[in-house]
Every structure is written in structure tokens, then in C-alpha cells.
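Given next are the chains, with one letter for each unit.
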Amino acid sequence: MRIVSTAVYPIKIPKKAPFQVTYATRTACLAILVRLVTDDGHEGWGEAVPVAEVTGENRAEVFRKLTSWLPANLTGRDPFDQEDLRLLLERELKPLPSARCAVDSALWDLRGRALGLSVRELLGAARSYHQASASIGIKSTPETVAEAAGLLRRGFTDIKVKIGLDPAADIQRIKALRQELGCGWRLYLDANQGYTPEEAIRLTQALADADVSVEFLEQPVAAANLEGLAEVTRHSPILIAADEAVKDPADLLEIVRRQAAHMVNIKLMKCGGPTQAAFLVRMAEAAGMKAMIGCMIESRVGITAGLSVALGLANVDYIDLDGYFDLADDIVTPSTGAQLEAGRQYLAPGAGLGLKVDEEKLKQYLDSELGASA
Ligand SMILES: [Mg+2]
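Rules of the game
- Residues numbered from 1 in each chain as written.
- Predicted model: local features only at pLDDT ≥ 70, side-chain atom pairs only at ≥ 80, totals over all residues.
- Heavy atoms only, no water.
- Helix = DSSP H or I, 4+ residues; strand = E, 2+ residues; numbered from the N terminus.
- Polar contact = N/O pair within 3.5 Å; in protein donor to acceptor, adjacent residues only side chain to side chain.
- Contact = heavy atoms within 4.5 Å.
- Axes fitted to C-alpha atoms, helices over the stretch in contact; angles between N-to-C directions.
- Left-handed = near helix turned anticlockwise from the far one by under 90°.
- Buried < 20%, exposed > 50% of the residue type's maximum accessible area, 1.4 Å probe, protein only.
- Pairing = 2+ DSSP bridges.
- Domains from an automatic or database assignment.
- Buried area = accessible area lost by both parts, 1.4 Å probe.
- Salt bridge = Lys/Arg side-chain N within 4 Å of Asp/Glu carboxyl O.
- 1 Å grid on protein atoms, 1.4 Å probe; cavity = no way out; pocket = protein on both sides within 12 Å on 5 of 7 lines; lining within 4 Å.
- Points joined across faces, edges and corners; volume = space filled by probe spheres on them.
- Nonpolar A, V, L, I, M, F, W, Y, C, P; charged D, E, K, R; others polar.
- Donors = N, O, S within 2.8 Å, 3.2 Å for Na, K, Ca; no water.

*Asks:* Can you help me understand the side chain of Gln 339 in this one?
*Replies:* Structurally, the position occupied by Gln 339 is in strand β13 (residues 338-341). Of note is the side chain of Gln 339, whose polar atom sits 3.0 Å from the backbone oxygen of Thr 336. In contact with Gln 339, not counting residues within four places along its chain, are Arg 300, Tyr 324, Pro 334, Arg 344, Gln 345, Tyr 346 and Ala 348.

What follows is the structure, given as C-alpha cells:
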């Protein structure tokens, strides 16, 4: 089996409502899709979502690189030359992890389709579903409570609340959530680097003192401040997860060495795709750390790749794969790929990533500012 053609599609899908985190407010999914086609007619899809603040990438640069790099380096290649391709991506696309993710995902998709097995099965088939989580951006207390109540009514059992701009207001908001909505659901917190170590420690202790049950707190302090993260981890009564601080295996080794977090949030866009994500999940397992699979604001192509990893590997305790929940439209055919039902996420049956991209919608959401390349 040989790759005979490659194509790159920048897409822009608006969100139904803006989403605020500490460093930005997002209004659309800005992605770049990759399609690889083989001589026996199989298609493999992958998605890149460059986020300058997290992956350090520029979207136009990712588009230009993929457009020139793919035909030059993948045409004529056998997708089953796995180690060779892994090292090629590592060598040539290391500074562009989301670009690497798009290519790696499409190669996994092709291998699965050729073998008649899903990527979830190729990775280990650990589970058939995960409890989904949905995120609430930084909002007022009444808005947060109302949105959380709506999510619980829709069947969600796991809710992530974004905090990190104002510790006192955050404590109030989180306490109010538990007071208003009770127990019986799981609360994740994510400060997206917003606090000092002292603020983070005070917040975790205040919540513990008030008996507010929280699964974990993500990335309380700046990604580069590993000393501070370790300090919070030593003193926090709540489990601390590293997110922005862990992009690749070297970062995770350093976190483990310093005992700087209890858990790690692994995102395909940060680490470079399913191959690297699987490596990180197993590294975390070796270190006795729980792993979660997270996402950016992605279409259901990227989410399906993330969910395939999350359901394939045993050491994934949580998922945060809600990046497409609030998009105004969906470019993947409804009954294919990642599915959400009654607060659970699972995969529709199918080989590879098991998804079908809607060609009409792909045209409709093509981002003309960047153009298309085939
Ligand atoms: Mg996070």
C-alpha cells in the first residue's frame, strides 16, 4: 500500500457562543485538515489545531509547511513503515506538534482502514466508552450555575470549570456550584496557568476546608514554573494535573523527576498525535500518574482521534473531549466517528478512525483566507 495523494484544507467553523479562558476568548474552531489517499483507495484523515499560546505554532506557517511537506515526503510511502515514519515526523515536524498530529492521525486512520480494525482496537481496545466532560468558561456565578445545571439535565456527570483570573471570586463560584447543585457529579477545575503558587495553595485549602469535592485542579501556575507547580502539588489537598507544562516526553520526565504533579492532561495537538500520546499515557502509567486525554477547540475529526486513544489505552482515567460540542456545525457525517449520548462518549463502529467527512461541509467551511491545497 502506497500513499498516492495528499491534500490540506484549512477550515473555520464558528462557535455558538464565545468561550473564555485565562489567556483568550475563542469564537471559532480554526483547524487544518489533512487527507492522505493510498493506491488501493483508502483515505486517512487528520486534524491540526495550532494554538500559539499552547503549542507555540502559527496557523499560516502550519498550513504552508503541510502544503509543501506532505507531497514531498509522504507520496510513495507505505503507511505501515511505522517506526521510520515516526522518526521522520519527529525529525522534521517537531516544532509544529499540531501539524505532526494531523499527519500521524491520518496514518493511523489509513492503517486501521487497511486492516479493517479501528484505531481504538489497534491501540489496545481498553474500553468501549468514557464518561464525557463538558467545560464552562470563565463566567459569573449565576451564569456558571445555570450552565452547569443545564449540563446535568442533559446527562453529563462530569463538568470542568475554568478559573484562574481571580482566586477569591473563583472560590465563591465553586462553593456556590456545589451548594446549588449538590453532589452526584464530578467537578474538574482548570486554572490555565492563572495563579501564583500561593494563590493556588490557598484556593485548594479553602475548597477542602469547605468540603467541596473536586476531582483535580489543572495547571494552577505558569507552565515554565515547575518549582511552583511542585510546591502546589506538595501542599494541595486536591490532586494537581499538569497540562500546559507537558508537551512531550522530556517534559513529562521532568515533571516525574520533580514530583511536580499527580496527573497529566495529554492532548494530541500538544504532543504530536496518537503515537506520542500513547507513549505519554504509558509513561504516566509507569510513573504511577493518572492520565486524561484533552483537546483544543477541534472539529470531530481531531476529537475522534483523541477518543480513539482514550478508549484504546488502559491508563486514561478522564477525558475532556468537548472541543466540538459548541460548534455551530459539524463537518463529520453524524453517525460516524466520536459520538456523545447521555453523558458518555464512544466511537461509531468502523475501521481506522471510522469517520466520514462531509465533502459539502468541507467546502462550505473552507477558510478562504488561507486557501486550499491538493
Ligand atoms: Mg487545561
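*Asks:* How should the packing of helix α2 (residues 59-74) against helix α3 (residues 82-92) be read in this particular structure?
*Replies:* When two helices pack together, their arrangement is captured by the angle between the axes and the distance separating the axes. Where α2 meets α3, the closest approach of the two axes is 13 Å, and the angle between their N-to-C directions is 145°. You can see that α2 and α3 cross each other, and the crossing is right-handed. Taken together, the residues of α3 that come into contact with α2 (itself represented by Lys 65, Trp 69, Asn 73 and Leu 74) are Leu 85, Leu 88, Leu 89 and Glu 92.

*Asks:* Mind showing me how you'd approach the pairing of strand β3 (residues 43-48) here?
*Replies:* Two faces belong to every sheet, and in a regular strand the side chains alternate between them. For β3, the tally of buried residues reaches five of six residues, placing the bulk of the element in the interior. As paired strands, strand β2 (residues 24-38) and β3 are joined by six bridges and run antiparallel to one another. Within β3, the residue paired with Arg 35 across the bridge is Trp 45. The hairpin formed by β2 and β3 contains four residues between the paired strands, and Gly 41 there has a positive phi angle of roughly 90°.

*Asks:* What am I meant to see in the domain arrangement of the chain here?
*Replies:* When the parts of a complex come together, some accessible area is lost, and that lost area is often taken as the interface size. What the domain assignment reports for the chain is domain 1 (3-117 + 357-364) and domain 2 (121-347). Computed from C-alpha coordinates alone, the two centres of domain 1 and domain 2 are separated by 23 Å. Contact residues are listed per partner, giving 42 residues for domain 1 and 42 residues for domain 2. Interface of domain 1 and domain 2: buried area, both sides summed, is about 3,500 Å²; carbon and sulfur atoms make up 66% of it. Among the residues of domain 1 in contact with domain 2, Thr 22, Val 54 and Trp 108 are the three that bury the most area, contributing 17% of the side total. Close ionic contact of Asp 329 with Lys 361 constitutes a salt bridge, the shortest N to O distance being 3.1 Å. In this structure, the connection of domain 1 to domain 2 is made through 10 residue pairs in polar contact (both at pLDDT 80 or more). Going through the elements one at a time, β1 (3-21), β2, β3, α1 (52-55), α3, α4 (97-115) and α14 (359-364) are the ones with two or more residues in the side of domain 1 that touches domain 2. For the side of domain 1 that touches domain 2, the leading source of residues is α4, giving 10 residues.

*Asks:* I would appreciate a short explanation of the layout of surface pockets in the present structure.
*Replies:* Take a probe with the size of a water molecule and roll it over the atoms, and the empty space left behind shows itself. Looking at the largest pocket, its volume works out to about 810 Å³. Lining the largest pocket we find 42 residues, and of these Lys 15, Phe 19, Arg 26, Met 296 and Ile 297 sit closest to its centre. Top element by residues in the lining of the largest pocket is β2. It accounts for six residues. Looking at the lining of the largest pocket, its residues break down into 19 nonpolar, seven polar and 16 charged. In this model, the second largest pocket occupies a volume close to 230 Å³. In terms of lining residues, the second largest pocket is bounded by 15 residues, among which Glu 83, Arg 86, Trp 108, Thr 275 and Gln 276 are the most central. Listing elements by their share of the lining of the second largest pocket, those giving two or more residues are α3, α4 and α12 (274-286). Shared between two domains, the lining of the second largest pocket holds at least three residues of each, these being domain 1 (3-117 + 357-364) and domain 2 (121-347).

*Asks:* Is there a simple way to think about the environment of Leu 107 in this case?
*Replies:* Summarising the element assignment, Leu 107 is placed in helix α4. The class of Leu 107 is buried, set by a relative accessible area of 2%. Measuring from C-alpha to C-alpha, the distance between Leu 107 and Val 37 comes to 10.0 Å, with 70 residues separating the pair along the chain. Ignoring any residue separated from it by four or fewer positions in sequence, one finds Leu 107 in contact with Ile 3, Leu 36, Pro 79 and Leu 85.

*Asks:* Looking at this model, I keep getting lost on the coordination of the magnesium ion. Mind explaining?
*Replies:* Around a metal, the idealised angle for a tetrahedral arrangement of four donor atoms is 109.5 degrees; for an octahedral arrangement of six donor atoms it is 90 or 180 degrees. Here the magnesium ion is held by the protein donor atoms Asp 190 (OD), Glu 218 (OE) and Asp 243 (OD), which lie 2.0 to 2.2 Å from it. All donors of the magnesium ion come from a single chain, and their spacing in sequence reads D-x27-E-x24-D. Residue Asp 190 is found in strand β7 (residues 186-190), and its partner Asp 243 is found in the loop between β9 (240-242) and α10 (249-258); the two are separated by 53 residues along the sequence. Each member of the pair, Asp 190 together with Asp 243, is buried.

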